[in-house]
Amino acid sequence: MTIRVVVADDQELVRSGFAMILSAQPDIEVVAEAGDGAEAVAAVRRHAPDVVLLDIRMPRMDGIEAARRICAETGCRAVMLTTFDQDDYVYEALHAGASGFLLKDVRRDDLVHAVRVVVAGDSLLAPSVARRLVADFTSRGRAVTADAAPELGTLTARERETLVLLGRGLSNAEIAAELVVSEHTVKTHVSNVLAKLGLRDRIQAVICAYETGLIAPGG
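This write-up is about the structure you can find in this document. (Residues numbered from 1 in each chain as written. Predicted model: local features only at pLDDT ≥ 70, side-chain atom pairs only at ≥ 80, totals over all residues. Heavy atoms only, no water.)

Here's the deal with unusual backbone geometry
For step 1, the next point in the chain: Even without being a glycine, alanine 48 presents a positive backbone phi close to 50°.
For step 2, the next point in the chain: The residue alanine 48 is located in the loop between α2 (37-47) and β3 (51-55) in this model.
For step 3, the next point in the chain: Residue alanine 48 is classed as exposed on the basis of its relative accessible area of 54%.
For step 4, the next point in the chain: Despite not being glycine, valine 180 has its phi angle at roughly 55°, a positive value. (Helix = DSSP H or I, 4+ residues; strand = E, 2+ residues; numbered from the N terminus. Buried < 20%, exposed > 50% of the residue type's maximum accessible area, 1.4 Å probe, protein only.)

Below, the structure is given as structure tokens:
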């Protein structure tokens, strides 16, 4: 299958560079480029891509609002382009429906891998990003108690453990090592957690883990 991608960034060199790298892959096609969020939304509606790369800071409409509209209206997966040292919008972007983040100085191979990862239904959430999310979450005073989340009662004990480890930003391999099970078993647990809680991906699972109080900030 060919992965269809839209690249949105107001910096032409960044945008064209990403598009060139992705287009060189036999299984990836860049179907459109956009210079701002509004153009990105229009391009996604027109071309129905699998993935859209969105710069967070763009004129007319920023990447967060574009992601919110795209994720609400389509099945396209949104990946944010960012510089974590400057952008303080991790929480908002995740709540908008983003499936992950890429630094603008991402390596060529990591860019290609990221597109393939999100199309496969996974998400890009390194532990460093999870920590940033927790810090953002804590600063907003959003914590609630687990008693306020009866849906967690549908999870088995092992699925709750899996959700906690997801919330800490661990990969499937790391969760498997922590729980002393196979990666296949972890994938099953993750799928069950997402299905039972009505979550789209791992990133939403991380948010859920903190918003329900299953994990306390710093826990």
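As for helix α5 (residues 108-119)
For step 1, the next point in the chain: The end-to-end C-alpha distance of α5, which contains twelve residues, comes to 17 Å, matching closely the 16 Å that a straight helix rising 1.5 Å per residue would cover.
For step 2, the next point in the chain: Among the residues of α5, Leu111, Val112, Ala114, Val115, Val117 and Val118 are the ones counted as buried.
For step 3, the next point in the chain: Buried positions along α5 lie against β1 (3-8), α1 (12-23), β2 (28-34), β3, β4 (77-82) and β5 (100-103). (Expected span 1.5 Å × (residues − 1). Contact = heavy atoms within 4.5 Å.)

Some points on α1
For step 1, the next point in the chain: Taking 1.5 Å of rise per residue, twelve residues should cover 16 Å, and α1 covers 16 Å from first to last C-alpha, within 8% of that figure.
For step 2, the next point in the chain: Taken residue by residue, α1 has Val14, Arg15, Gly17, Phe18, Ala19, Ile21 and Leu22 as its buried positions.
For step 3, the next point in the chain: Those residues of α1 hidden inside the fold are in contact with β1, β2, β3, β4 and α5.

Concerning the sheet that holds β1
For step 1, the next point in the chain: Within the open sheet, the five strands sit side by side as β2-β1-β3-β4-β5. Their pairing is parallel. Since the sheet does not close on itself, it has two edges, and those belong to β2 and β5, each with one partner. Averaged over all pairs of adjacent strands, the angle between their axes in this sheet comes to 25°, without regard to strand direction.
For step 2, the next point in the chain: Of the pairings in the sheet, the one linking β4 to β5 comprises four bridges and is parallel in character. Residue pairing across strands places methionine 80 opposite phenylalanine 101, the latter belonging to β5. (Pairing = 2+ DSSP bridges. Axes fitted to C-alpha atoms, helices over the stretch in contact; angles between N-to-C directions.)

Here's the deal with the nonpolar core
For step 1, the next point in the chain: Grouped together as the largest cluster of nonpolar side chains are 30 residues, with contacts concentrated most on Val52, Leu54, Ile70, Met80 and Phe101.
For step 2, the next point in the chain: Listing elements by their share of this core, those giving two or more residues are β1, β2, α2, β3, α3 (63-73), β4, α4 (90-96) and α10 (202-211).
For step 3, the next point in the chain: The element that contributes the greatest number of residues to this core is α3, accounting for five residues.
For step 4, the next point in the chain: With residues near it in sequence (within four places) discarded, isoleucine 70 still touches Ala40, Val41, Val44, Val52, Leu54 and Cys76.
For step 5, the next point in the chain: Residues Leu152, Ile175, Leu194 and Val206 belong to the second largest nonpolar core, which totals 23 residues. (Core = buried A, V, L, I, M, F, W, Y, C linked by side-chain atoms within 4.5 Å.)

Remarks on the packing of helix α7 (residues 157-167) against α10
For step 1, the next point in the chain: Running from N to C, α7 and α10 point in directions that differ by 100°, and their axes come no closer than 8 Å. When the interaxial angle is binned, α7 and α10 end up roughly perpendicular. In this structure, α7 contributes Leu163, Leu166 and Gly167 to the contact, and α10 contributes Arg202, Ala205, Val206, Ala209 and Tyr210.
For step 2, the next point in the chain: Residues that form the contact of α7 with α10 fall into these classes: six nonpolar, one polar and one charged. (Parallel < 35°, antiparallel > 145°, perpendicular 65-115°, else oblique. Nonpolar A, V, L, I, M, F, W, Y, C, P; charged D, E, K, R; others polar.)

A closer look at the environment of glutamate 92
For step 1, the next point in the chain: Tracing the chain through its elements places glutamate 92 in helix α4.
For step 2, the next point in the chain: Residue classification places glutamate 92 among the partly exposed positions, given a relative accessible area of 22%.
For step 3, the next point in the chain: Measuring from C-alpha to C-alpha, the distance between glutamate 92 and arginine 68 comes to 9.4 Å, with 24 residues separating the pair along the chain.

Details of the pairing of β1
For step 1, the next point in the chain: Counting buried residues in β1 gives five out of six residues, a clear majority hidden from the surface.
For step 2, the next point in the chain: In the sheet, β1 pairs with β2 via six bridges, with the strands oriented parallel. Note on β2: the bridge partner recorded for valine 6 is alanine 32.
For step 3, the next point in the chain: Read from β1 through α1 to β2, the crossover connection turns out right-handed. (Right-handed = clockwise from strand over helix to strand, strands pointing away.)

Quick notes on the pattern of salt bridges
For step 1, the next point in the chain: For the structure on display, the rule yields twelve salt bridges.
For step 2, the next point in the chain: A salt bridge links glutamate 73 to arginine 45; its shortest N-O distance comes to 2.9 Å. Here the residue glutamate 73 occupies a position in helix α3, and arginine 45 occupies one in helix α2, the gap between them amounting to 28 residues.
For step 3, the next point in the chain: Arginine 68 is paired through a salt bridge with glutamate 65; the nearest N and O atoms lie 2.6 Å apart. You can see arginine 68 and its partner glutamate 65 sitting in helix α3, three residues apart, about one turn around the helix.
For step 4, the next point in the chain: Overall, the relative accessible area of 38% leaves arginine 68 in the partly exposed class.
For step 5, the next point in the chain: Classification of glutamate 65 as partly exposed rests on a relative accessible area of 24%. (Salt bridge = Lys/Arg side-chain N within 4 Å of Asp/Glu carboxyl O.)

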